[in-house]
Amino acid sequence: MYGKARFFIKANRKLIQFIVLFILFFFLGQMAYDVGQPVIKRYIIPVGINQVSSKIINIITPQEKTSVEGEMLRSGNFSLRVAIGCDGFEALLILVAGIIAFSYLGWRNKFLGVLIGSIVIHLVNLSRIVALYYTSKYRPSMFDLMHVYIGQTFIILIGCLFFLFWIAKFAKTE
């Protein structure tokens, strides 16, 4: 039995290395995310997410006249709270951990993958917030479905698809 385990480890060394590094980088990213929450709550959510989402909504439907007050995205008597966890960072952490842990990418391609992937995740998250705004305001009975299941699954799926695209395009093969 020991020989089979040893053979399995030797045959799958790169995969095991990827998994261990992925878990390590995801854990470190999660710790950094936890430490950075005051900055995220004070600057990234109000400015980087809510202000931009408000502008998008006001372009799509000017009659909404949305405005931002901290974590709140408002339109008349209606408001949507964008809180920690609604910022897309979990999907971003999964993507970044995967790219950095993937040994067949050079550092330049890892850096570019993280940079471009961050932009993609942010744009997808903005579209998710805008969709949640309209869902919450006009179809509140569907909000939980959109927020918990569709929105979160969609952003993680996009992150995974970007990862697969990135490694297919830029990975070095041995």
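Now for a look at the structure at hand. (Residues numbered from 1 in each chain as written. Predicted model: local features only at pLDDT ≥ 70, side-chain atom pairs only at ≥ 80, totals over all residues. Heavy atoms only, no water.)

1. Here's the deal with a nonpolar patch on the surface
Right, on to step 1. A surface patch of nonpolar side chains, about 490 Å² in accessible area, is lined by F111, L115, I116, I119 and L123.
Right, on to step 2. Within the fold, L115 resides in helix α5 (residues 107-138).
Right, on to step 3. Given a relative accessible area of 41%, L115 falls into the partly exposed group. (Patch = residues over 30% accessible without salt bridge, like charges linked within 9 Å, V, L, I, M, F, W, Y side chains within 5 Å. Areas by Shrake-Rupley, 256 points an atom, 1.4 Å probe, with all protein chains shown as cover. Salt bridge = Lys/Arg side-chain N within 4 Å of Asp/Glu carboxyl O. Helix = DSSP H or I, 4+ residues; strand = E, 2+ residues; numbered from the N terminus. Buried < 20%, exposed > 50% of the residue type's maximum accessible area, 1.4 Å probe, protein only.)

2. Notes on the pairing of strand β2 (residues 72-75)
Consecutive side chains of a regular strand alternate in pointing toward one face of the sheet and then the other.
Right, on to step 1. Across 3 bridges, strand β1 (residues 67-69) lies against β2 in antiparallel orientation. Across the sheet, V68 pairs through a bridge with L73, a residue of β2.
Right, on to step 2. The hairpin turn running from β1 into β2, its antiparallel successor, is 2 residues long, and G70 in that turn takes a positive phi close to 65°.
Right, on to step 3. Relative to strand β3 (residues 78-81), β2 is paired through 4 bridges, and the arrangement is antiparallel. Residue M72 lies in a different strand from β3, and its bridge partner there is R81.
Right, on to step 4. In textbook terms, the turn of a hairpin is the stretch between consecutive antiparallel strands, and for β2 and β3 this stretch comprises 2 residues, one of which, G76, has a positive phi near 60°. (Pairing = 2+ DSSP bridges.)

3. Some remarks on helix α6 (residues 143-170)
Right, on to step 1. Counted at 1.5 Å a residue, the expected span for α6 with its 28 residues is 40 Å, and the 38 Å between its end C-alpha atoms agrees.
Right, on to step 2. Remark: the principal bend of α6, roughly 35°, maps to I150.
Right, on to step 3. Among all positions in α6, only F143, H147, G151, I155, G159, F162, F163, W166 and I167 are buried.
Right, on to step 4. On its buried face, α6 sits against α2 (13-35), β3, α4 (89-101) and α5. (Expected span 1.5 Å × (residues − 1). Bend = angle between axes of the 7 residues up to and from the residue. Contact = heavy atoms within 4.5 Å.)

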